[in-house]
Amino acid sequence: MTENFVPVKVNVKEHRELFRPFTVKWTPTILIVDPDRKEFFRLEGYLPAHDFLAQLLIGLGRTLFLQNKPKDAHKFFRRAADEFADTDFASEAEYWAAVAQYRATADHKFLDEVAGVMAKKYPKSNWTKRASIWAH
Amino acid sequence: MFEWSHDLDSSLTKAKEHFKPLLIDFSAAPE
């Protein structure tokens, strides 16, 4: 994972001046930012390590997606959905994997297919509701 | 899990040099 980002931990009690520009109001808050401090992803609140890793993969995917690199983003979303299928975050990863594939190819079939897949795999997820607009 | 740095400025510089995003953990708990 560390090949994909530079990890830094800041204790807000000791370095209040560092977190103010990022509008952090709760701890822990995890941010993915670019070197110019532009924020791409935010996670607030504690998660167990396994779930945390799933969210980091989604966060990296979201960062690449927002940087107009949908093909690279798709790899992280796919990993999150496949390797962390037992977590609550798998449905979110599945949704964004399809969106990234669509953005990379302009082929609407990826959205059409994922709506059906998600209805079966994650019937109670709010991400399945979001994908339902593509169901036929 | 990771080798965390504790220096935001040097981490920003490192991120810029390696074209990588920065993962920042803002925490209040002592390590």
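Residues numbered from 1 in each chain as written. Chains lettered and ligands numbered in written order. Predicted model: local features only at pLDDT ≥ 70, side-chain atom pairs only at ≥ 80, totals over all residues.

A. Up close: helix α2 (residues 49-66) of chain A. Residues and elements named next belong to chain A. The end-to-end C-alpha distance of α2 is 25 Å, a good match for the 26 Å that 18 residues give at a rise of 1.5 Å each. Residues of α2 that are buried include every one of Ala54, Gln55, Leu56, Leu57, Ile58, Gly59, Leu60, Gly61, Arg62, Thr63, Leu64 and Phe65, and no others. Buried residues along α2 sit against β2 (29-33), β3 (39-44), α3 (70-83) and α4 (90-105). One or two residues past the end of α2 sits Asn68, with phi positive at roughly 60 degrees. (Helix = DSSP H or I, 4+ residues; strand = E, 2+ residues; numbered from the N terminus. Expected span 1.5 Å × (residues − 1). Buried ≥ 20, exposed ≤ 12 C-beta atoms within 10 Å, placed from the backbone. Contact = placed C-beta atoms within 7 Å.)

B. Representation of the packing of α4(A) against helix α5 (residues 109-121) of chain A in the model. Residue and element names in this part refer to chain A. Direction vectors running N to C along α4 and α5 enclose 165 degrees, while the axes themselves pass 9 Å from each other. As summarised for this structure, α4 and α5 are arranged roughly antiparallel, according to the angle between their axes. The element α4 and its partner α5 pack so that their crossing is right-handed. In this structure, α4 uses Ser91, Glu94, Tyr95, Ala98, Gln101 and Tyr102 to contact α5, whose residues at the interface are Phe110, Leu111, Val114, Val117 and Met118. For the contact of α4 with α5, a count of residues per class yields eight nonpolar, two polar and one charged. (Axes fitted to C-alpha atoms, helices over the stretch in contact; angles between N-to-C directions. Parallel < 35°, antiparallel > 145°, perpendicular 65-115°, else oblique. Left-handed = near helix turned anticlockwise from the far one by under 90°. Nonpolar A, V, L, I, M, F, W, Y, C, P; charged D, E, K, R; others polar.)

C. Just the sheet that holds β3(A), in detail. Strand order in the open sheet made by the four strands is β1(A)-β1(B)-β2(A)-β3(A), with mixed pairing throughout. Bordering the open sheet on either side are β1 (6-11) and β3 of chain A, each of which pairs with just one other strand. Going from strand to strand, the sheet's axes swing by 15 degrees on average, the running direction of each strand aside. Direction of pairing for β1(A) relative to strand β1 (residues 22-27) of chain B: parallel, over a ladder of six bridges. Of the residues in β1(B), the one forming a bridge with Lys9(A) is Asp25(B). Docked against the sheet, α2(A) engages β2 and β3 of chain A, running at close to 160 degrees with respect to β3(A). (Pairing = 2+ DSSP bridges.)

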